[in-house]
Amino acid sequence: MESTDFEVPQKVVTKFYQHILAFVFAIDEINEDPRILPNITLGFHIQESYTDPRMTYRATLDLLFNSHQFVPNYQCGREKNVLAVIGALSFETSLCMADILSLYKIPQLHAFILKTSFNNSAGEEIMFNQQGEFEGGFDITNLVTFPNQSYVRVKVGRVEHHVAAGKGFTINEDKIEWHRQLKQVPPVSSCNDKCLPGYSKKKQEGKPFCCYACATCPDGMFSNQKDMDTCVNCLGHQYANQFQNQCIPKMPNFLAFEDTLAIISTSSVLSLSLITALVLGLFIWHRDTAIVKANNRSLTYILLISLLLCFFCSFIFMGRPNTVSCLLRQTAFGMVFSVSLSTILAKTVSVVLAFMATKPGSQMRKWVGRRLSHSIVFCCSNIQAGICVLWLTSSPPFPDVNMQSMTEDIVLLCNEGSVFMFSCVLGYMGLLASVSFAVAFLARKLPNSFNEAKFITFSMLVFCSVWVSFVPTYLSTRGKYMVAVEIFSILASGAGLLGCIFFPKCYIIVFRPDLNNREQLMRRKN
C-alpha cells in the first residue's frame, strides 16, 4: 500500500478537516482491498487553495509540475502523471482549477452536493448545504468536469438524467439554466463497444473520455485483452501474430544444410570442384606439352588449387554459425582468393617480361623465371595474411543474433567484429583484381607464345563485375539470403576465372592436340 503525507493548513475549518480524513480513509480502504482495484495502488496529493483564485491557480500548477518555476508543458520533479483531480468544496475554486486542468485533458470531479432556494434572484450562483435537496424536486448529486465536456447527474422527480453542462450554472426563476446547451448523454456502457484484443483505445477529440474509437495495433505490437489503453511490444524473441492479439516465438534463421538454397549451393560447389580437379589432372597429365610449359606450370597448379579451395570455402558459410566458422568464413575466403589473384597477377607480369626479354640487348632476361613469379605470389598473399591476422587479434568475428531485421525470425549470423578490417580484406582483393586487369589489358596484344593476357583480361572483367554487383545485393538482403548471396558471388567469380583462363587451353589439349606443339605456338606468335 502506498500512502502520502500531507500538511494541514494552519487555518482550517473543522468540517473540512473531517472531509480530508474521510478521503484518506477511503483511499486506504481501496488499496487494502484487492477486489476493488486489483494490481493498482492509489496515491494522492492534497493542495490548499485558501479560497483565493490566485492561490488556486498556483496550487493547481504545483500539482501538475512541482517546480520552483512554473513552466507550462514541462513536468519536472514529478515521477508519475496526475490521472484525475477532485475539485474543492467551493464551486468558484473548482472553476479556477478547471481552467488549467482542461488544457491538459485531466478529468476533474466536483464531489459536493448542491442545494438552493427558488427565492434567490435570477442569475445568482447556486448555494449549497449539507442536505443537498432542492425545493421543487431538483437534486444535484454531483458534477464531473472532463477535458472537453462537463456532466451533471440531476434528479427530476588467368428519473435521474445525465446532462451536459458548461463550467457552471445559474438559477433563472424556476429552472436551472446551463451555460452549455442541455442534451441527453448516453450511459458510459453504450458510448461504444469494447475494443477487442488486437485493438487499443483511441481518444476522440471533442467527445468525453469514456467515448473512444478502436485502433488496430501497429506492426510488431499486440493487445490480448479487451479495452486495452495501449498496445504493447512483444519481447525481442517474439512477434505479433496475424490478428495482433498474442505473441509467437520467432524462428531461428540461418542457411541450414537442408535448405533449398544450401542444397543448390552444395551441388554447385561439388560440380565446380570436380571440374577444377579434372582440369588440374589434365594439366598434370599433359605437363610436358607446349601449352602447359608456355604458361608457367607451377603458377597454373597454384591457381587451380587455390580455385579449388575457393569453392570449398563456401561450405564454411553454411550451417548454424559458431565460433570456429565465424573466425574462418571471411578470413579463409579472403586468403584463398588473394592467392588466386596474386597468381593471376604473376602470370600477367610474366607475359609482359617475357615479351620485353625477347628484344635484343634487353636486361629483362634475368627477371624472367619462376623466382620473380613466385615472389609476387608470396608477397601479395602475405599482405592479405597480415591483414587477416591483425583482424583476428584486434576485433575478430563472433556468432551473434539479430532480432530486429526480420519480423518473424531471429537471424543467426556472424558479426564481423570490425567492419573496417572486413572492408580492408575486400578492398585489398579489389586492388589485386584491378592491377591484374590493368596489366593484362595493356599486354593483351603482345605477340607472345600463347599470350594469356587476353584471357586474363576477360576473366578479371567477369570477376570485378560479380563483386561490384555483390555489394548492393548483399546490403539489400537479410538473414540466410545474405549468406546465399555471398556464396553465389564466390562460386560465380571462381567459375569465371576457371572458365575464362582454362577453357581455351583445355579445348586445345583435348580436341586440338595438333596445335599443342612448339612449332604451332611459334607460328601463332609470328
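Residues numbered from 1 in each chain as written. Predicted model: local features only at pLDDT ≥ 70, side-chain atom pairs only at ≥ 80, totals over all residues. Heavy atoms only, no water.

We now examine the confidence of the model for the protein chain. Confidence in the prediction of the protein chain, expressed as mean pLDDT, is 76, and 72% of residues score 70 or more. Taken together, the stretch residues 119–150 has pLDDT below 50 and engages in 107 contacts with residues farther than four places along the chain or on a different chain. (pLDDT = per-residue confidence, 0-100. Contact = heavy atoms within 4.5 Å.)

If you check helix α2 (residues 53–65), its first and last C-alpha atoms are 18 Å apart, about what 13 residues at 1.5 Å a residue would give, namely 18 Å. Taken as a whole, α2 has its buried residues at Thr56, Ala59, Thr60, Leu63, Leu64 and Phe65. Measuring from the side-chain oxygen of the N-cap residue of α2 to the backbone nitrogen of arginine 54 gives 3.1 Å; that N-cap residue is aspartate 52. (Helix = DSSP H or I, 4+ residues; strand = E, 2+ residues; numbered from the N terminus. Expected span 1.5 Å × (residues − 1). Buried < 20%, exposed > 50% of the residue type's maximum accessible area, 1.4 Å probe, protein only. Polar contact = N/O pair within 3.5 Å; in protein donor to acceptor, adjacent residues only side chain to side chain.)

So, on to the packing of helix α4 (residues 260–285) against helix α6 (residues 297–313). As a packed pair, α4 and α6 sit with axes 9 Å apart at the nearest point and diverge in direction by 165 degrees. Of the possible angle classes, the one that applies to α4 and α6 is roughly antiparallel. Between α4 and α6 lies a crossing whose hand is left-handed. For the pair α4 and α6, the contacting residues are Val269, Leu272, Ser273, Thr276, Val279, Leu280, Phe283 and Ile284 in the first and Thr300, Tyr301, Leu304, Ile305, Leu307, Leu308, Phe311 and Phe312 in the second. (Axes fitted to C-alpha atoms, helices over the stretch in contact; angles between N-to-C directions. Parallel < 35°, antiparallel > 145°, perpendicular 65-115°, else oblique. Left-handed = near helix turned anticlockwise from the far one by under 90°.)

For the rest of this paragraph, the subject is a nonpolar patch on the surface. Nonpolar side chains collect at one region of the surface, where Phe503, Tyr507, Val510 and Phe511 lie side by side and expose about 470 Å² of accessible area between them. Checked against the element boundaries, phenylalanine 511 lands in helix α11 (residues 480–511). (Patch = residues over 30% accessible without salt bridge, like charges linked within 9 Å, V, L, I, M, F, W, Y side chains within 5 Å. Areas by Shrake-Rupley, 256 points an atom, 1.4 Å probe, with all protein chains shown as cover. Salt bridge = Lys/Arg side-chain N within 4 Å of Asp/Glu carboxyl O.)

What follows is about the packing of α4 against α11. When two helices pack together, their arrangement is given by the angle between the helix axes and by the axis-to-axis distance. Their axes nearest at 10 Å, the elements α4 and α11 cross at an angle of 25 degrees. Taken together, α4 and α11 sit at an angle that is classed as roughly parallel. With respect to the hand of their crossing, α4 and α11 are arranged in left-handed fashion. On α11, the residues touching Leu261, Ser265, Ser268, Val269, Leu272, Ile275, Thr276, Val279, Leu282 and Phe283 of α4 are Tyr481, Ala484, Ile487, Leu491, Ala495, Leu498, Phe502, Lys505, Cys506, Ile509 and Val510. For the contact of α4 with α11, the residue count by class is 17 nonpolar, three polar and one charged. (Nonpolar A, V, L, I, M, F, W, Y, C, P; charged D, E, K, R; others polar.)

Before going further, it helps to examine the side chain of aspartate 227. Counting through the fold element by element, aspartate 227 comes out in the loop between β10 (221–222) and β11 (232–233). Here aspartate 227 occupies a buried position and makes no salt bridge, while the nearest side chain of opposite charge, lysine 201, is found at 4.7 Å. A polar atom in the side chain of aspartate 227 sits 2.8 Å from the side chain of tyrosine 212. Setting aside residues up to four positions removed in sequence, aspartate 227 forms contacts with Lys194, Cys195, Lys201 and Tyr212. (Lys, Arg positive; Asp, Glu negative; His and termini not counted.)

For the structure shown, the criterion picks out four salt bridges. The salt bridge partner of aspartate 33 is arginine 35, with a shortest N-O separation of 3.2 Å. Of the charged contacts in the structure, one is a salt bridge between lysine 480 and aspartate 259, with a shortest N-O distance of 3.6 Å. Of the two residues, lysine 480 sits in helix α11 while aspartate 259 sits in the loop between β14 (251–253) and α4, which places them 221 residues apart along the sequence.

On to the side chain of serine 273. Here serine 273 shows up in helix α4. The buried category is assigned to serine 273, whose relative accessible area is 6%. Here valine 269 takes part through its backbone oxygen, which lies 2.7 Å from a polar atom of the side chain of serine 273. Serine 273 has contacts with Leu308, Phe311 and Phe312, leaving out every residue within four places of it along the chain.

What follows covers α4. The terminal C-alpha atoms of α4, which comprises 26 residues, lie 37 Å apart, in line with the 38 Å expected from a rise of 1.5 Å per residue. When we look at burial in α4, the residues that qualify are Ala262, Ser265, Val269, Leu272, Ser273, Thr276, Val279, Leu280, Leu282 and Phe283. In this structure, the buried residues of α4 make contact with α5 (290–294), α6 and α11.

Turning our attention to the pairing of strand β16 (residues 409–415). Along β16, five of the seven residues are buried, which leaves the element largely enclosed by surrounding structure. Sheet analysis places strand β15 (residues 398–402) next to β16, joined by five bridges and oriented antiparallel. Across the sheet, asparagine 402 pairs through a bridge with valine 411, a residue of β16. Between β15 and β16, which pair antiparallel one after the other, the connecting turn spans six residues. (Pairing = 2+ DSSP bridges.)

Another aspect to go through is the packing of aromatic side chains. Tallied over the full model, the rule gives 13 aromatic pairs. Summarising the aromatic geometry, the rings of phenylalanine 312 and phenylalanine 315 are spaced 6.3 Å apart at their centres and angled 25 degrees between planes, so their arrangement reads as stacked. Take phenylalanine 315: its relative accessible area is 25%, and that puts it in the partly exposed class. A ring pair is formed by tryptophan 467 and phenylalanine 470, whose centres lie 4.9 Å apart and whose planes are at 70 degrees; its orientation type is edge-to-face. Of this pair, tryptophan 467 and phenylalanine 470 are both found in helix α10 (residues 453–475), three residues apart, which corresponds to roughly one turn of the helix. Residue classification places phenylalanine 470 among the buried positions, given a relative accessible area of 6%. Three or more aromatic residues link up through ring pairs in this structure, and these residues are Phe333, Phe337, Phe463, Trp467, Phe470 and Tyr474. (Phe/Tyr/Trp six-rings, centres within 6.5 Å; stacked < 30°, edge-to-face > 60°.)

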